[in-house]
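Listed here are the chains, written in short residue letters.
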Amino acid sequence: QVEVVESGGGLVQPGGSLRLSCTASGVIFSFTALGWFRQAPGKQRELVAHISGGGTTNYADSMKDRFTISRDNAKKEVYLQMNNLKPEDTAVYFCNVGTTKQGPGRDWGQGTQVIVSS
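What you see is a predicted model, and the numbers here were worked out from it, not measured in a lab. (Residues numbered from 1 in each chain as written. Predicted model: local features only at pLDDT ≥ 70, side-chain atom pairs only at ≥ 80, totals over all residues. Heavy atoms only, no water.)

**Some words on the sheet that holds strand β3 (residues 18–25)**
To keep things clear, this is the line we draw: DSSP calls a pair of strands paired once it identifies at least 2 bridges connecting them. Secondary structure counts use DSSP, requiring at least four H or I residues in a row for a helix and at least two E residues in a row for a strand, with both numbered from the N terminus. Under this scheme, a helix contributes an axis fitted over its contacting stretch, all axes are lines through C-alpha atoms, and angles between N-to-C directions fall in the 0 to 180 degree range.
On the basis of which strands lie adjacent, the open sheet formed by 4 strands has the order β1-β3-β8-β7 and antiparallel pairing. Single-partner strands in this sheet number two, and they are β1 (3–7) and β7 (67–72). Recorded for the sheet is a direction-independent mean angle of 15 degrees between the axes of neighbouring strands. Alignment of β3 against strand β8 (residues 77–82), held across 6 bridges, turns out to be antiparallel.

This is the structure:
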């Protein structure tokens with residue numbers, strides 16, 4: 001059984017930074033592609049970034065200059081470093097197991113809330 005758990009969300013002022021973390025168990029982590037998605041109130045869930053098992057990354061165009069996805073296979077964690085946060089980045093951020101360019105995999109975490117506000 002796959003279990004996905006996110007952490008690291010919170011309240012941050014505009015221009016600030018946050019780092020989200022995600023652990024995934026029940027998979028061969030080092031071979032597993034992972035992704036971050038977000039869903040703002042009243043909007044559809046959208047891709048933020050994904051990373052292959054080998055470390056190849058892909059970003060949504062609007063976020064690639066401020067966000068960085070990375071992974072630590074020894075810790076079985078994937079991270080999303082978010083810099084220069086804007087109010088429009090306010091959303092629930094979800095970790096997904098198996099994300100590829102074709103879309104998300106089947107397994108999701110419960111999400112972590114990010115609020116960007118002064």
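**Thoughts on the nonpolar core**
Where a protein is soluble and globular, its nonpolar side chains tend to be buried together. For clarity, the threshold we go by: Nonpolar cores were defined as sets of buried Ala, Val, Leu, Ile, Met, Phe, Trp, Tyr and Cys residues, with membership established by side-chain atoms within 4.5 Å. Per-residue accessibility, obtained with a 1.4 Å probe over protein chains only, is compared with the maximum for each type, and a residue is labelled buried under 20%, exposed over 50%, and partly exposed between these values. Only heavy atoms enter the contact rule, under which two residues are in contact if any of them lie within 4.5 Å.
If you look at the biggest cluster of nonpolar residues, it comprises 28 residues, and the most contacted ones within it are W36, L80, M82 and Y93. Those elements giving two or more residues to this core turn out to be β3, β4 (34–39), β5 (46–51), β7, β8, β9 (91–97) and β11 (112–116). Once residues lying within four places of it in the same chain are set aside, the contact partners of M82 are G16, S17, L18, L20, R66, F67, Y93 and V114.

**Digging into the state of the cysteines**
Rules: Throughout, a disulfide means two cysteine sulfur atoms within 2.5 Å of one another.
One pass over the structure, following the stated rule, counts 1 disulfide. Each disulfide pairs two cysteine sulfurs, and for C22 the partner residue is C95, the sulfurs being separated by 2.1 Å. On the sign convention where negative is left-handed, the bridge of C22 and C95, at about -80 degrees about the S-S bond, is left-handed. Taken together, the residues C22 in strand β3 and C95 in strand β9 connect sequence positions 73 residues apart.

**Some details on the side chain of T99**
Applied cut-off: Distance and chemistry together define a polar contact, namely a pair of N or O atoms within 3.5 Å, with one atom able to donate a hydrogen and the other to accept it when in protein, and with adjacent residues in sequence counting only for side-chain atoms on both sides.
With respect to the helices and strands, T99 occurs in the loop between β9 and β10 (107–108). Within the structure, the side chain of T99 is placed 3.3 Å from the backbone nitrogen of G35, a separation counted as a polar contact. Sequence-distant contacts of T99, defined by excluding residues within four places in its chain, comprise A33, L34, G35, F37, L47, H50, P104 and G105.

**Remarks on the pattern of salt bridges**
What counts, and what does not: For salt bridges, the criterion is a side-chain nitrogen of Lys or Arg within 4 Å of an Asp or Glu carboxyl oxygen.
Per the stated rule, a full pass over the model turns up 5 salt bridges. For R38, the salt bridge is made with D89, and the minimal N-O distance between the two is 2.8 Å. One end of the pair, R38, is in strand β4; the other, D89, is in the loop between β8 and β9, with 51 residues separating them in the sequence. Notably, a salt bridge pairs K64 with D61, separated by 3.7 Å at the nearest N-O pair. According to the relative accessible area criterion, D61 is exposed, its value standing at 62%. It is possible to trace a salt-bridge network through shared partners that takes in R38, E46, R66 and D89.

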